[in-house]
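Report on the structure
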Amino acid sequence: MTRTSKDLKDQADRAERLARTGIDALTAERLRAYADECRKRATAVEREARDG
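All values reported here derive from a predicted model rather than from experimental measurement. (Residues numbered from 1 in each chain as written. Predicted model: local features only at pLDDT ≥ 70, side-chain atom pairs only at ≥ 80, totals over all residues. Heavy atoms only, no water.)

Side note on the packing of helix α1 (residues 5-19) against helix α2 (residues 25-51)
Condition: Helix axes use the C-alpha atoms of the stretch in contact, all axes being lines fitted to C-alpha atoms, and the angles between their N-to-C directions lie in the range 0 to 180 degrees. Numbering of helices and strands runs from the N terminus, with a helix taken as a DSSP run of H or I at least four residues long and a strand as a DSSP run of E at least two residues long. Geometric relationships in this document are graded by angle, where less than 35 degrees denotes roughly parallel, more than 145 denotes roughly antiparallel, 65 to 115 denotes roughly perpendicular, and other angles denote oblique. Handedness of a crossing follows from how the near helix is turned relative to the far one, being left-handed for an anticlockwise turn of less than a right angle and right-handed for a clockwise one. Any two residues whose heavy atoms approach within 4.5 Å at even a single point are treated as in contact. Here the term charged refers only to Asp, Glu, Lys and Arg, the term nonpolar to Ala, Val, Leu, Ile, Met, Phe, Trp, Tyr, Cys and Pro, and the term polar to all other amino acids, Gly among them.
Running from amino to carboxyl end, α1 crosses α2 at an angle of 165 degrees, the nearest separation of the two axes being 8 Å. Judged on the interaxial angle alone, α2 and α1 are roughly antiparallel. Where α1 crosses over α2, the two elements pack in a sense that is left-handed. Residue-level contacts link Ser5, Leu8, Lys9, Gln11, Ala12, Asp13, Ala15, Glu16, Leu18 and Ala19 of α1 to Ala28, Leu31, Arg32, Tyr34, Ala35, Cys38, Arg39, Arg41, Ala42, Val45 and Glu46 of α2. When the residues that make up the contact of α1 with α2 are grouped by side-chain class, the tally is twelve nonpolar, two polar and seven charged.

Here you go:
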C-alpha cells in the first residue's frame, strides 16, 4: 500500500503536534525530523503523480 501525499502530510502534522506537548528535547527533535521527512516525501509523491 502506498501512502498518498495527504497521508504523509497528516503524519507530519501529528508529529509536529506531539513535538509541542512538552516531551523531552531529543524526542521532540526526532519528531520534527520525521515531520520534515514526511513533508519531503509528500512533495515527491505529488511531483511523481503530476509528472506521470
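Still to come is the rest of the account.
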